[in-house]
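# An overview of the molecular structure
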Amino acid sequence: MFGQLASLQPRQIAAQILNFALVLSTAFMLWKGLSVATNSPSPIVVVLSGSMEPAFQRGDLLFLWNRGMDTQVGEIVVYNVKGKDIPIVHRVIRRFDGGSKPLQLLTKGDNNVADDTELYARGQRFLTRETDVIGSVRGFVPLVGYVTILLSEYPWLKTVMLGLMGLTVVLQRE
Amino acid sequence: MSSPGKIAVYNLSDLKNTTDDALPNYLNSLKFRQLHYLTDVRLALGYAAVIIGGALFYFDWTLGWDATKAYTLPAVIAYFLLNGAFSYWLWFVEKGVIYVGEKQGTKLSISTRTEKHDPTYHLTATITSTASPSTPPRTLSLSVPFSRFYTSDGQFVAQPFQQWLASSVPVVGQADPNNVTEEIGRGNVTEANVGPSELKDVLNALKSGGGVKGGTRRRG
């Protein structure tokens, strides 16, 4: 297999590498295009915990929309907490201010006993809609995100998958 | 590249790729000057797109969404324009061209393809005269079974391939007259078709010492 690769002309090698790079970059740019369209840095997220059961299970894939900032009570939002890098999917149970002042939200997981004050950063009691929330849920596909849970729980799987993808694209000339 | 090694003879893309690789070697050895502009334009378009994608990835990674937000839309648009141009070039301009070469005012462009589950090599040669651009290009469409130049265990044999190409494409034949072979009859010419004048020609040819030089080297 590698012998075959070594026998290629420089232009052919460049073309094979380009094929691989185009696969990766197209996926990335589609993602970024979706980011721009939804105005959300992360327009698709996977539910990682069971705190929103029975609405969402672990592994559900959620589609977010971040235009129109007037979030209402009952909407499900995804937010980031400063200092933590895992987004949280919870339902809005209170809203404050709004209008001239920035809209602030209090959230709670359907399956949790208490609201999210404990989960927020130290000293933070509400979410600021503009800065903390990355979108509200507009659609979901059950279970398909489970692969990413597996990938994040067993990080070596990522390396294996990426390596295999790279090898097949570079070595295959179909 | 001179000995590509054995391939699996039932793998059609292996057959095509190995033959496609052998073709430039042969033509370049005949002092055709290979022109790479089709490939180069494709590579330039593709790599330009990849560089934009890579740059956006890098700045997104280091600076974050808020800082790169304003540049993301233009970058995405530029990326997909370049990517579209790349695909257009690949499908509508290159159209399977594997070789473009020039020799003494003649440009030879060769594209090849195979059809699914059919071990036949389809080759289209377009010959244009660069010396007199007004002459319309000549196009030749050829097909040959891969078994003509592969042994049963998957070894590519250069000579029958070169003979086939030299005999079928006149510019190649001119460049490599030693490999030009003539199609000898296989019994499909009935005696009725052979008129006395042609017989005379044959007799003259035999008298003058057998001008058909390559014909005897042709293997069935």
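These remarks concern the structure in this document. (Residues numbered from 1 in each chain as written. Chains lettered and ligands numbered in written order. Predicted model: local features only at pLDDT ≥ 70, side-chain atom pairs only at ≥ 80, totals over all residues. Heavy atoms only, no water.)

## A short note on the pairing of strand S2 (residues 61–65) of chain A
Residue and element names in this part refer to chain A. Bridge analysis of strand S1 (residues 44–46) against S2 gives 3 bridges, and the strand direction is antiparallel. The partner of Ile44 across the bridge, within S2, is Phe63. Both S2 and strand S7 (residues 133–141) contribute to a ladder of 5 bridges, which runs antiparallel. When the bridges of S7 are listed, Trp65 appears paired with Ser136. (Pairing = 2+ DSSP bridges. Helix = DSSP H or I, 4+ residues; strand = E, 2+ residues; numbered from the N terminus.)

## Re the layout of surface pockets
In this structure, the largest pocket occupies an estimated 2000 Å³ of space. Listing elements by their share of the lining of the largest pocket, those giving two or more residues are helix H2 (10–38), S1, helix H3 (129–132), S7, helix H4 (146–153) and helix H5 (155–171) of chain A together with helix H2 (37–63) and helix H3 (65–94) of chain B. Among the elements that take part in the lining of the largest pocket, H2(A) stands out by supplying 7 residues, more than any other. (1 Å grid on protein atoms, 1.4 Å probe; cavity = no way out; pocket = protein on both sides within 12 Å on 5 of 7 lines; lining within 4 Å. Points joined across faces, edges and corners; volume = space filled by probe spheres on them.)

## Structural notes on the interface of chain A and chain B
Many authors give the size of an interface as the accessible area that is lost as the parts come together. In this assembly, 26 residues from chain A lie in contact with 29 residues from chain B. In this structure, the connection of chain A to chain B is made through 2 salt bridges. A salt bridge links Lys32(A) to Asp60(B); the shortest N-O distance between them is 3.2 Å. The interface formed by chain A and chain B holds 9 residue pairs in polar contact (both at pLDDT 80 or more) in total. Tallying contributions element by element places H2(A) first for the side of chain A that touches chain B, with 17 residues. (Contact = heavy atoms within 4.5 Å. Salt bridge = Lys/Arg side-chain N within 4 Å of Asp/Glu carboxyl O. Polar contact = N/O pair within 3.5 Å; in protein donor to acceptor, adjacent residues only side chain to side chain.)

## Description of the pattern of salt bridges
In this structure the tally under the stated criterion is 11 salt bridges over all chains. Between Arg11(A) and Asp40(B) there is a salt bridge; the shortest N-O distance is 2.7 Å. Of this pair, Arg11(A) sits in helix H2 while Asp40(B) sits in helix H2, on two different chains. Judged by relative accessible area, which is 31%, Arg11(A) ranks as partly exposed. (Buried < 20%, exposed > 50% of the residue type's maximum accessible area, 1.4 Å probe, protein only.)

In short, geometric facts, not functional conclusions.
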